[in-house]
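A closer look at the structure
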Amino acid sequence: MLKVENLNVRYGAVTAVKDVSLEVSEGEMVCLLGANGSGKTTTMLAIAGALKASGRVTFNGEDITSLSPERVLRKGIAMVPETREVFSDLTVRENLILGGFIHRRNRKKSHHDTEQMLDLFQVLRERQNQQSGTLSGGEQQQLVIARAMMSQPKLLLLDEPSLGLAPAIVHHIYDFINKLRSTGVTILLVEQNANMALKNAERAYVMALGKIAKKGAAAEIAASSDLEALYLGV
Ligand SMILES: Nc1ncnc2c1ncn2[C@@H]1O[C@H](COP(=O)(O)OP(=O)(O)OP(=O)(O)O)[C@@H](O)[C@H]1O
Ligand SMILES: [Mg+2]
């Protein structure tokens, strides 16, 4: 479904992502692991069209390498950035409606999709009229993921959904993600929390210093002896 070939991304003189190649098949959840600064977010932003990159990104066989973020979204790839920003003055419901903006000309569809999302996630239903800025961190994370789903993506890019959340809430977020997967969406997940990601994903890539240092089945990566070393960058 998604194929990234020899991706290179530079910030000025510094190359943050070096010859990264990876693939995600339809229906999979694949995680991208690695230490702070190893290039995970940069890779994701380049796939989403938010950073200029060299190399090739294809989605269902179509070259999307130099498309704008909005064009990439319209092709069916939505991203949830690690910054977890809700429109805090707006209600949960209004946030969801904005997530469906690419279908904005169709009011009926917007209403239908919002209801469907609220049916799927009771926690959001209960708080649909609550101002989003007053939600807890875990609730906000669920809202931004649900909001991204409102564009009905085929592929969802999730950047560190468990960042800064208590362990019990992290479990809750993964239940939420697994429920989403049951709707058929394919997921590329960036995580610092390697244990949780490897427990839930099918395959993994580990980045170190901008490169793919290791790849394989999630169970295989979880059992590998050098995972810690890769995180420490040694
Ligand atoms: N806008 C920027 N300008 C210059 N350098 C940047 C910029 N954004 C990121 N970098 C650098 O690029 C490298 C990769 O950063 P990136 O954010 O992709 O890492 P990451 O793996 O997502 O890290 P983290 O786990 O901390 O989120 C880092 O060395 C970082 O300092
Ligand atoms: Mg990051």
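Report follows, based on the coordinates.

Regarding the overall build of the chain
Looking only at helices and strands, one finds 10 helices and 10 strands in the chain. For a compact globule of 234 residues, the expected C-alpha radius of gyration is about 17 Å, and the chain comes in at 17 Å, within 12% of that figure. Summarising its shape, the C-alpha atoms of the chain cover approximately 50 × 40 × 30 Å along the three principal directions. Burial status across the chain gives 51% buried among its 234 residues. Partitioning the intrachain contacts of the chain with sequence separation of at least 6 by distance along the chain shows that 67% fall at a separation of at least 24. By element, 50% of the accessible surface of the chain is carried by carbon and sulfur atoms, the whole surface being about 11200 Å².

Structural notes on helix H3 (residues 92-99)
Within the span of H3, buried status applies to Val 92, Arg 93, Asn 95, Leu 96 and Gly 99. In an axial view of H3, the angular spread of the buried residues amounts to 160°, which keeps them on one side of the axis. Here the buried face of H3 lies against helix H4 (107-120), helix H5 (122-126) and helix H6 (137-149).

Quick notes on helix H1 (residues 40-47)
Of all the 8 residues making up H1, 6 are buried; the element is thus mostly covered by neighbouring parts of the structure. Those residues of H1 that sit buried are Lys 40, Thr 42, Thr 43, Met 44, Ala 46 and Ile 47. Gly 49 occupies a position one or two residues after H1 and carries a positive phi of about 85°.

Overview of the site of ligand 1
As a matter of local geometry, ligand 1 sits amid 13 residues, with Asn 36, Gly 37, Lys 40, Thr 41 and Thr 42 nearest to it. For ligand 1, an oxygen atom lies 3.0 Å from a polar atom in the backbone of Gly 39. Residue Glu 82 places a side-chain N or O atom 3.3 Å away from an oxygen atom belonging to ligand 1. Summarising the interface, the protein chains cover 58% of the accessible area of ligand 1, which totals 630 Å² for the free molecule. Counting residues per element, the shell around ligand 1 draws most heavily on H1, at 3 residues. Looking at the shell around ligand 1 residue by residue, the class counts come to 3 nonpolar, 7 polar and 3 charged.

Focus on the pattern of salt bridges
With the rule as written, the count across this model stands at 13 salt bridges. The partner of Glu 139 in a salt bridge is Arg 127, with the nearest N and O atoms 3.1 Å apart. Here Glu 139, found in helix H6, pairs with Arg 127, found in the loop between H5 and H6; they are 12 residues apart in sequence, far enough to count as distant.

Details of the nonpolar core
In this structure, Leu 33, Leu 156 and Leu 198 are the most contacted members of the largest nonpolar core, which totals 49 residues. Aside from chain neighbours lying at most four places away, what touches Leu 33 is Lys 40, Glu 191, Ala 194, Ala 197, Leu 198, Ala 204, Tyr 205, Val 206, Met 207 and Tyr 231. Ranked by size, the runner-up nonpolar core spans 28 residues in total, among them Leu 7, Ala 46, Val 72 and Leu 157.

Brief notes about unusual backbone geometry
The phi torsion at Asn 6 lies on the positive side, around 50°, for a residue other than glycine. Assignment of secondary structure puts Asn 6 in strand E1 (residues 2-11). For Glu 160, which is not glycine, the phi torsion reads 50° and is therefore positive. Turning to its location among the elements, Glu 160 is positioned in the loop between strand E7 (155-159) and helix H7 (167-181).

A look at the packing of aromatic side chains
This structure, assessed with the given rule, holds 1 aromatic pair. Between Phe 121 and Phe 176 the ring centres are 3.9 Å apart and the planes differ by 25°, which places this aromatic pair in the stacked class. Taken as a pair, Phe 121 in the loop between H4 and H5 and Phe 176 in helix H7 lie far apart in primary sequence, 55 residues in all.

Cut-off values and rules
- Residues numbered from 1 in each chain as written.
- Chains lettered and ligands numbered in written order.
- Predicted model: local features only at pLDDT ≥ 70, side-chain atom pairs only at ≥ 80, totals over all residues.
- Heavy atoms only, no water.
- Helix = DSSP H or I, 4+ residues; strand = E, 2+ residues; numbered from the N terminus.
- Rg over C-alpha atoms; globule rule 2.2 N^0.38 Å.
- Buried < 20%, exposed > 50% of the residue type's maximum accessible area, 1.4 Å probe, protein only.
- Contact = heavy atoms within 4.5 Å.
- Areas by Shrake-Rupley, 256 points an atom, 1.4 Å probe, with all protein chains shown as cover.
- Arc of directions from axis to C-beta.
- Near = heavy atom within 4 Å.
- Polar contact = N/O pair within 3.5 Å; in protein donor to acceptor, adjacent residues only side chain to side chain.
- Nonpolar A, V, L, I, M, F, W, Y, C, P; charged D, E, K, R; others polar.
- Salt bridge = Lys/Arg side-chain N within 4 Å of Asp/Glu carboxyl O.
- Core = buried A, V, L, I, M, F, W, Y, C linked by side-chain atoms within 4.5 Å.
- Phe/Tyr/Trp six-rings, centres within 6.5 Å; stacked < 30°, edge-to-face > 60°.

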